[in-house]
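# Tertiary structure, described
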Amino acid sequence: MPLPLPTSLSPSKVSSFTDCGLAFRFSTIDHLPEPPSIAATRGTLVHAALERLFCLAAAERSYERSLTCLEEAIVDLREHPEYADLELDDAAEATFHDEARALLEKYFRLEDPTTITPIGIELKLEVEVGGVRLRGIIDRLELDADGELVVTDYKTGRAPGERQEQQRLAGVAFYSLLCERLFGRRPARVQLLYLADPVAIISVPTDRSTRGVERKLAAIWTAVERACEREDFRPNPSRLCDWCGFKAYCPSFGGDIAQADAYRIDQELQRQAQAEPALA
């Protein structure tokens, strides 16, 4: 029986499928729960603080004010499972907060936020391209000094090596395509701000790069359709497995894919049971 097709593609889904087809299936099709990680939650926290910072008037975007934004984000996130399930003791929580503050301090080495003109923060975009529904959330869409669009994505991990740089830029190239299709304007540049280093990786979209993104997305969607039809999502063991939350289901680590099938079917039956009273 074919597996259900995902409803859309996003930069994270594209990256997941490219890195490991089986992990993509577990996350996007089976919707298996993943345990929270300190690195991912720290990223969520810093993104939330920067979102608050850019909602302020330009003159108010100081480092000191960013720390207030961080404290507000901590209060909002503290009861969320992504944070609460980390079960940090006092010492670990203090270290966690210190690391988040350090990332904010490094952000201010990359750019002066008082000079930025944001027109969209955590901006949700959706468009259909070649019969494929594309979705994405842009960390920051802004106007440069010439009134041109700029797409900015924050990263709280380390910057990639030269070989991985183009793969990471593929995410913001995806956002550039969304902007071009929705607003009729191609961004003048797309940039990844790696706060931990800190370093900015910048690319200028062109006709050629845009066509390349479209071709890649079409090829990935075709591969996803084929894999769903054949129930054939294969593992790709690599160093990324060290951070994977699906090892219990992965045959490369002695796991059983049948458990993922059982989880997906059980969740679908529960959704159907919940929907029946509403239809009655």
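Quick summary incoming for the structure in this document. As a convention, each chain's residues are numbered from 1 in the sequence order in which they are written. Totals for whole chains, interfaces and linings use all residues, but because this is a predicted model, local features are given only for residues with pLDDT of at least 70 and pairs of side-chain atoms are given and counted only at 80 or more. Each side-chain value is worked out from all heavy atoms of the structure, with water and hydrogens disregarded.

As a further point, take the packing of aromatic side chains. Here the aromatic set is Phe, Tyr and Trp, taking the six-membered ring for Trp, and pairing holds for ring centres within 6.5 Å; pairs whose planes are under 30 degrees apart are stacked, those over 60 apart are edge-to-face, and all others are tilted. Using the criterion set out here, one finds 11 aromatic pairs in the structure. Centre to centre, the rings of Tyr-107 and Phe-108 are 5.2 Å apart; their planes meet at 80 degrees, and the pair counts as edge-to-face. Classification of Tyr-107 as buried rests on a relative accessible area of 0%. Among the aromatic residues, those joined into a cluster by ring pairs are Phe-54, Tyr-63, Tyr-107, Phe-108 and Tyr-154. In this analysis the charged atom, NZ for Lys or CZ for Arg, is taken to sit over a ring once it is within 6 Å of the ring centre and within 35 degrees of the ring normal. One cation-aromatic arrangement involves Arg-140 over Phe-54; the distance from NZ or CZ to the ring centre is 4.8 Å. The ring of Phe-253 has Lys-247 sitting right over it, with the charged end atom 5.1 Å from the ring centre. Partly exposed describes any residue whose relative accessible area lies between the buried limit of under 20% and the exposed limit of over 50%, with all areas from a 1.4 Å probe on protein chains only and scaled to the type maximum.

Bringing the sheet that holds strand β1 (residues 117-129) into the picture now. A strand pair is defined by DSSP finding two or more bridges across the two strands. Only DSSP runs of H or I reaching four residues or more are called helices, and only runs of E reaching two or more are called strands; each is numbered from the N terminus. Pairing within the open sheet is mixed, and its five strands lie in the order β1-β2-β3-β4-β5. Each edge of the open sheet is held by one strand with a lone partner, namely β1 and β5 (199-203). In this sheet, adjacent strand axes meet at a mean angle of 35 degrees when their direction is disregarded. Every residue pair with non-hydrogen atoms within 4.5 Å of one another is taken to be in contact. A fitted line through C-alpha atoms represents every axis, and for helices the fit uses only the stretch in contact; the resulting angles, taken between N-to-C directions, go from 0 to 180 degrees. Each of β1, β2 (132-143) and β3 (149-155) is contacted by helix α3 (residues 38-53), which is oriented at about 115 degrees to β1, the strand it contacts most. Sheet strands in contact with helix α6 (residues 90-110) are β2, β3, β4 (189-194) and β5, and its direction is about 140 degrees off that of β4.

Glancing now at the layout of surface pockets. Definitions used throughout: a 1 Å grid over protein atoms alone; a cavity as a set of points that fits a 1.4 Å probe which cannot get out; a pocket as an open set with protein on both sides within 12 Å along at least five of seven lines; a lining residue as one with an atom within 4 Å of a point. Grid points are joined across faces, edges and corners, and a volume is the space filled by probe spheres set on the points. The volume enclosed by the second largest pocket comes to roughly 240 Å³. Of all the secondary-structure elements, those providing two or more residues to the lining of the second largest pocket are α2 (21-29) and α9 (257-279). Any residue outside Ala, Val, Leu, Ile, Met, Phe, Trp, Tyr, Cys, Pro, Asp, Glu, Lys and Arg is labelled polar, Gly included; the first ten of those are nonpolar and the last four are charged. Counted by class, the lining of the second largest pocket contains six nonpolar, three polar and four charged residues.

A few words on unusual backbone geometry. Looking along the chain, the bond that leaves Asp-197 and enters Pro-198 is cis, with omega of -20 degrees. Turning to its location among the elements, Pro-198 is positioned in the loop between β4 and β5. Phi at Glu-87 takes a positive value of approximately 50 degrees, unusual for a residue other than glycine. In this fold, Glu-87 is placed in the loop between α5 (81-84) and α6.

A separate point is the pattern of salt bridges. Note that side chains of opposite charge can pair when their charged atoms are close. What makes a salt bridge here is a side-chain nitrogen of Lys or Arg within 4 Å of a carboxyl oxygen of Asp or Glu, nothing more. Taken as a whole and judged by the stated rule, the model has 24 salt bridges. Of the charged contacts, one joins Glu-105 and Arg-109 as a salt bridge, the two residues approaching to 2.9 Å between their closest N and O atoms. On the criterion of helical spacing, the pair formed by Glu-105 and Arg-109 is a turn pair, its members being four residues apart in helix α6. For the salt bridge of Arg-234 with Asp-232, the shortest nitrogen-to-oxygen distance reads 3.0 Å. In the salt-bridge network here, residues are joined through shared partners; they are Arg-25, Asp-30, Asp-261 and Arg-264.

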